[in-house]
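For reference, the chains in residue letters:
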Amino acid sequence: NGETLVADSSATTGLRWQEPKAGNPVINSAFQVWQRGTSFTPSANVATYTADRWQFISGATGRTISRQTTSDSTNLPNIQYCARIARDSGNTSTSALQFAQSFESVNSIPFAGKTVTMSFYARAGANYSGASNALAVYLIAGTGTDQNPLVTYTGTSYPINNQTATLTTTWQRFTFTGSVGATVTEMTPYFSFTPSGTAGANDYLEITGVQIDIGSVALPFRTYAGTIQGELAACQR
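Right, let's walk through the structure included here.

What counts and what doesn't
Along each chain, residues carry numbers from 1 onward, in the same order as the chain's sequence is written. Given that the model is predicted, a residue must reach a pLDDT of at least 70 before its local features are reported, and side-chain atom pairs must reach 80 or more before they are shown or counted; all residues, however, enter totals for whole chains, interfaces and linings. Only heavy atoms go into the side-chain values, all of them from the structure, while hydrogens and water stay out. Take a side-chain nitrogen of Lys or Arg and a carboxyl oxygen of Asp or Glu: if they are within 4 Å of each other, that pair is a salt bridge. Three exposure classes are used, based on accessible area relative to the maximum for each residue type with a 1.4 Å probe and protein chains only: buried under 20%, partly exposed in between, and exposed over 50%. Only DSSP runs of H or I reaching four residues or more are called helices, and only runs of E reaching two or more are called strands; each is numbered from the N terminus. In what follows, a contact means two residues having at least one pair of non-hydrogen atoms within 4.5 Å. Like-charged residues are merged into a patch within 9 Å and nonpolar side chains (Val, Leu, Ile, Met, Phe, Trp, Tyr) within 5 Å, provided each residue has over 30% relative accessible area and no salt bridge. Methods summary: accessible areas were calculated by the Shrake-Rupley approach with a probe of 1.4 Å, and residue burial reflects only the protein chains presented. We call a set of buried Ala, Val, Leu, Ile, Met, Phe, Trp, Tyr and Cys residues a nonpolar core when their side-chain atoms join them within 4.5 Å. What counts as a ring pair is set by centres within 6.5 Å for rings of Phe, Tyr and Trp (its six-membered ring), and what kind of pair is set by the plane angle: stacked under 30 degrees, edge-to-face over 60, tilted for all other angles. Put simply, a charge is over a ring when the Lys NZ or the Arg CZ is close to the ring centre, within 6 Å, and near the line of the ring normal, within 35 degrees. Strands are treated as partners if at least two bridges between them are detected by DSSP.

### Re the pattern of salt bridges
According to the stated counting rule, one finds eight salt bridges in the structure shown. One salt bridge in this structure joins D8 and R16, with 2.7 Å as the shortest N-O distance. On the basis of relative accessible area, D8 is assigned to the buried category, the value being 11%. What makes R16 buried here is its relative accessible area of 15%. As a salt-bridge pair, R84 and E206 come within 2.7 Å of each other at their nearest N and O atoms. In this pair, R84 is assigned in strand β7 (residues 81-87) and E206 in strand β14 (residues 204-214), connecting sequence segments 122 residues apart. Judged by its relative accessible area of 0%, E206 falls in the buried class. Through salt bridges with shared partners, a single ionic network connects R53, E104 and R237.

In structure tokens:
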């Protein structure tokens, strides 16, 4: 029925059936392209584009989003760059920091009615102030066309809803699995943390390698396009 038998050491039989994989719909998932600049200080309550295709919003100022090098060839699959989402040192606002990418409907529809696995790499700064080192993880879905969930989404659902990634100062890969509704026509990977107290010098998280796969297993990381030229063209669409 159009599926392929693949090896899977986590399955009881060591085998499982898998549908043909769709491409990674997350454009600029390795944060290679920053056409608007490599550091941003957004205004409060304004959805601000940062790295290409990625946007940030918070209810307060005193936040900085910047490009950083991962500086880790041991815990990452040769990914050069990441996004750092930071609360500025000395800032006392505890308004949540939210980071997301809105997919075009044309890139969302292939996932409708499917089980999907969302994966990413993340680590925390030494002064990360999210409660219990938590990062909240969502996959938001809708039934409109090319909408922005930070503004509005028609028919909102949550294939992955408020799951917790517990960060350390070392890069880790996190995976979460959920079911996308059959009528879904738009999706958004969404990350959020709520800080506490007064920010230290390194109150930040870093994220890269964001990916969505059909099925219950996170496949090896791949970008949307196979080349940097293709990734840039996708960003410029």
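### Overview of the environment of S179
Examined against the element boundaries, S179 turns out to sit in strand β12 (residues 172-179). When neighbours within four sequence positions are excluded, S179 is seen to be in contact with K114, T115 and P159.

### Here we look at a nonpolar patch on the surface
A cluster of nonpolar residues, L5, L15 and W17, forms a patch on the protein surface that exposes about 330 Å² of accessible area. Tracing the backbone shows W17 in strand β2 (residues 15-18). When its relative accessible area of 56% is taken as the criterion, W17 is described as exposed.

### Topic: the nonpolar core
Counting 40 residues, the largest nonpolar core has F120, L135 and I207 as the members making the most contacts within it. Sorting the residues of this core by element identifies β7, β8 (97-100), β9 (115-124), β10 (134-142), β11 (157-166), β12, β13 (186-193) and β14 as the ones contributing at least two each. For I207, the residues in contact, after removing those within four places along its chain, are F31, C82, A83, I85, F99, F120, Y121, A122, W171 and F191. Formed by eight residues, the second largest nonpolar core is a distinct cluster that contains A100, I140, Y153 and Y190.

### Let's talk about the packing of aromatic side chains
Scanning the model with the defined rule gives eleven aromatic pairs in all. Judged by centre distance (6.4 Å) and plane angle (25°), the rings of W34 and F40 are stacked. The exposure classification of W34 matches that of F40, with both residues buried. Taken together through their ring pairs, the aromatic side chains of F31, W34, F40, W54 and F99 make up a single cluster. Stacked on the ring of Y81, the Lys or Arg R67 has its end atom at 4.3 Å from the ring centre. Its end group placed over the ring of Y204, R84 keeps NZ or CZ at 3.8 Å from the ring centre.

### Considering the sheet that holds β10
Hydrogen bonds along the backbone pair up the strands of a sheet, which may run parallel or antiparallel. Reading across the sheet, the six strands line up as β4-β5-β8-β13-β10-β11 and stay open at both edges, with antiparallel pairing between neighbours. For this open sheet the edge positions go to β4 (48-49) and β11, each flanked by a neighbour on one side alone. Relative to β8, strand β5 (residues 55-58) is paired through four bridges, and the arrangement is antiparallel. Within β8, the residue paired with I57 across the bridge is Q98.

### Here we look at unusual backbone geometry
The phi dihedral of S71 falls on the positive side, at around 55°, and the residue is not glycine. As for its position among the elements, S71 is in the loop between β6 (63-69) and β7. A positive phi angle, near 55°, is found at N78, a position not held by glycine. Within the secondary structure layout, N78 lies in the loop between β6 and β7. A relative accessible area of 71% means that N78 is categorised as exposed.

### Structural notes on the sheet that holds β7
Read from one edge to the other, the open sheet built from six strands follows the order β3-β6-β7-β14-β9-β12, with strand pairing classed as antiparallel. Looking at strand neighbours, the two that pair on one side only are β3 (39-40) and β12, the edges of this open sheet. In the sheet, β6 pairs with β7 via seven bridges, with the strands oriented antiparallel. The partner of Q68 across the bridge, within β7, is C82.

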